[in-house]
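Architecture at a glance
Next come the chains, spelled out residue by residue.
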Amino acid sequence: MPESASSLKIIVTGATSIIGHYLLPRLMNAGYEVHAISRGGEKNPATTGNTLIWHQADIIHPEQLPGVKARALIHLAPLWLLPKLLPVLNTCRIKRVIGFGSTSLFSKANSPDPCERELTVRFSKAEEAIRHHCGIAQTNWTVFRPTLVYDGVRDKNIKRIASFIRRYGFFPLVGEAAGLRQPVHADDLAEACLLALEQPATFNRAYNLSGGETLTYRQMVERIFSSLGKPARFIILPPWMFRAAIRAMTFLPGKRGMTPEMATRMNADLCFKHADATRDFGFLPRPFLPHAKTCRSSPDGWK
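None of the values given here were measured: they were computed from a predicted structure. Sequence order as written defines residue numbering, which begins from 1 separately in each chain. In view of the model being predicted, local features appear only for residues whose pLDDT reaches at least 70, and side-chain atom pairs are presented and counted only at 80 or more, with totals across whole chains, interfaces and linings using the full set of residues. Note: side-chain values were computed over all heavy atoms of the structure, leaving out hydrogens and water.

This part is about the overall build of the chain. What counts as a helix is a DSSP run of H or I of at least four residues, what counts as a strand is a run of E of at least two, and both are numbered from the N terminus. For the chain, the count of helices and strands is 11 helices and 13 strands. Between buried and exposed lies partly exposed: a residue is buried under 20% and exposed over 50% of the maximum accessible area for its type, with that area taken using a 1.4 Å probe on protein chains only. A buried classification covers 49% of the 303 residues belonging to the chain. In the chain, 72% of the contacts between residues at least 6 apart in sequence involve partners at least 24 apart. Values of accessible area rely on a 1.4 Å probe in the Shrake-Rupley scheme; residue burial ignores everything except the protein chains shown. Accessible surface, the chain: about 14,500 Å² in total, of which carbon and sulfur atoms supply 53%. Only heavy atoms enter the contact rule, under which two residues are in contact if any of them lie within 4.5 Å.

Here it is, written out as structure tokens:
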């Protein structure tokens, strides 16, 4: 690792995110001084250390970023916020950037939902802008596109399914729910940042990061039932009924992220190979909830 003071400093935007929960301690354990950015000044009480420094800043306003001369920026906030930060980063002499997009760039490109299609446009434009700005500034960039991110505590995907099962004791499916999924644990994504950070093979490239196991949607939910110590119970609904139920649920608090298109995607394959990431920086993600007892007893298991 380079020995200059600035080379030991890493700026992390979106530090209170699900990936940030795992990334901050990994960076500190690797010997970095971590400058974590939080919009509201909140901190993760579970992540502390002498080499962790929190800064309150709203990255929508790039001028609020601290003037820390750092080795790199790891951007965990929405990818479309990164391009506007890049000119400011040049003044901090940052020459390494890692950002997170999503495989939604591909899977939702033809969605009937205009909001989902707009999301893919934002991801696409962000990646294009990153390539352009970093090329001019001679900054080495890497964009990760994870699949279904989970940890069972902070995620909005697997945790939502587990909460429904815990409350009602069953889960609704559309048809056979045979669409393939590759859930990827947030800690594996945090590890990917460390593995790729100093690896020249990853410079100026984008990678799809999927989980270590491919399951059907139904198998994925069965695994969640098992992790909760409950027998799998399903109610099979026709697509129109499922969509109607989702539309009704969007009016409830905390359910606005649900869309009727979830019914269609249960039987659609959302698979992406991560072979390039394995080849270039040794990305080896874990299987999905392989041990039910571990999931229930771990501090980062179901709550």
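What follows deals with the packing of helix H1 (residues 18–29) against helix H6 (residues 186–197). One can describe the packing of H1 onto H6 by two numbers: an axis separation of 8 Å at closest approach and a directional angle of 45°. Relative to H6, H1 is oriented oblique. Crossing geometry of H1 relative to H6 is assigned as right-handed. Contacts between H1 and H6 involve Ile18, Ile19, Tyr22, Leu23, Arg26 and Leu27 on the former and, on the latter, Ala186, Asp187, Leu189, Ala190, Glu191, Cys193 and Leu194. Gly falls in the polar group here, along with every residue not listed as nonpolar (Ala, Val, Leu, Ile, Met, Phe, Trp, Tyr, Cys, Pro) or charged (Asp, Glu, Lys, Arg). A class-by-class count of the residues in the contact of H1 with H6 yields 10 nonpolar, no polar and three charged. With axes taken as lines fitted to C-alpha atoms, and helix axes fitted only over the stretch in contact, angles between N-to-C directions fall between 0 and 180 degrees. Under this scheme an angle from 65 to 115 degrees is roughly perpendicular, one under 35 degrees roughly parallel, and one over 145 degrees roughly antiparallel; angles in between are oblique. Whether a crossing is left-handed or right-handed is set by the direction in which the near helix is turned from the far one by less than a right angle, anticlockwise for left-handed and clockwise for right-handed.

Attention now moves to the nonpolar core. Definition of nonpolar core: a set of buried residues of the types Ala, Val, Leu, Ile, Met, Phe, Trp, Tyr and Cys, connected through side-chain atoms within 4.5 Å. With 35 residues, the main nonpolar core has Val12, Phe144, Leu209 and Phe281 as its most contacted residues. When near neighbours in sequence (up to four residues on either side) are disregarded, Val12 contacts Leu23, Leu24, Leu27, Val34, His35, Ala36, Ile37, Ile74 and Leu76.

Right, let's talk about the pairing of strand E1 (residues 9–13) for a bit. Counting buried positions along E1 yields four of five residues, so the element is predominantly enclosed. In this sheet, strand E2 (residues 33–38) lies alongside E1 in parallel orientation, the contact comprising four bridges. Residue pairing for E2: Ile11 is matched across the bridge by His35. Looking down the strands as they point away from you, a crossover is right-handed if its path from the first strand over the helix to the second goes clockwise. Of the crossover connections in this fold, the one passing from E1 over H1 to the parallel E2 is right-handed. For E1 and strand E4 (residues 72–75), the ladder comprises four bridges, and the chain directions are parallel. Counterpart to Ile10 in the pairing with E4 is Ala72. Two strands pair if DSSP finds at least two bridges between them.

Glancing now at helix H4 (residues 114–137). Expected span, for any helix, means 1.5 Å times one less than how many residues it has. For H4, built from 24 residues, the straight-helix expectation of 34 Å at 1.5 Å per residue is met to within 8% by its first-to-last C-alpha distance of 34 Å. Those residues of H4 that sit buried are Glu116, Thr120, Phe123, Ala126, Glu127, Ala129, Ile130, Cys134 and Ala137. Sitting at the head of H4, Asp113 places a side-chain oxygen 2.8 Å from the backbone nitrogen of Cys115. Gln138 lies just past H4 and shows a positive phi near 55°. Between N or O atoms, a polar contact is any pair within 3.5 Å; within protein, one atom must be a potential hydrogen donor and the other a potential acceptor, and residues adjacent in sequence are included only when both atoms are from side chains.

Bringing the packing of aromatic side chains into the picture now. To pair, rings of Phe, Tyr and Trp, with the six-membered ring standing in for Trp, must have centres within 6.5 Å; the planes then decide the type, stacked if under 30 degrees apart, edge-to-face if over 60, and tilted in the middle. Within the structure shown, the criterion is met by 13 aromatic pairs. Plain terms: the ring middles of Phe100 and Phe144 are 5.4 Å apart, the flat faces sit at 65° to each other, and that makes the pair edge-to-face. Here Phe144 lies in strand E6 (residues 140–146) and Phe100 lies in strand E5 (residues 96–100), a separation of 44 residues in the sequence. Exposure class is identical for Phe100 and Phe144. Each is buried. Charge-over-ring placement is defined geometrically: NZ (Lys) or CZ (Arg) within 6 Å of the ring centre, and within 35 degrees of the ring normal. Here the basic side chain of Arg122 rests over the ring of Trp80, its NZ or CZ set 4.2 Å away from the ring centre.

Moving on, we get to the pattern of salt bridges. Every case where a carboxyl oxygen of Asp or Glu lies within 4 Å of a side-chain nitrogen of Lys or Arg is listed as a salt bridge. By the definition in use, this model includes 14 salt bridges. Of the charged contacts, one joins Arg145 and Glu127 as a salt bridge, the two residues approaching to 2.8 Å between their closest N and O atoms. Of this pair, Arg145 sits in strand E6 while Glu127 sits in helix H4; the two residues are 18 residues apart in sequence, bridging distant segments of the chain. Notably, a salt bridge pairs Glu213 with Arg223, separated by 2.9 Å at the nearest N-O pair. Residue Glu213 is located in the loop between strand E11 (205–209) and strand E12 (215–216), and its partner Arg223 is located in helix H7 (residues 217–227); the two are separated by 10 residues in the primary sequence. Judged by relative accessible area, which is 22%, Glu213 ranks as partly exposed. Look at the salt bridges and you will find they share partners, linking Arg26, Asp187, Asp188 and Arg286 into a network.

Strand order across the open sheet formed by seven strands is E3-E2-E1-E4-E5-E6-E11, with parallel pairing between neighbours. The open sheet terminates on both sides in strands that have one partner only, identified here as strand E3 (52–56) and E11. Going across the sheet, the axis of each strand differs from the next one's by a mean of 20°, ignoring polarity. Here five bridges tie E6 to E11, and the two strands are oriented parallel to one another.

Its location among the elements puts Lys95 in the loop between helix H2 (86–91) and E5. Taking the C-alpha atoms as reference points, Lys95 and Leu73, 22 residues apart in sequence, are found 8.5 Å from one another. If we ignore the near neighbours within four places in the chain, the residues touching Lys95 are Arg71, Ala137, Gln138, Thr139 and Asn140. Engagement of the side chain of Lys95 in a polar contact is seen with the backbone oxygen of Ala137, the distance being 2.6 Å.

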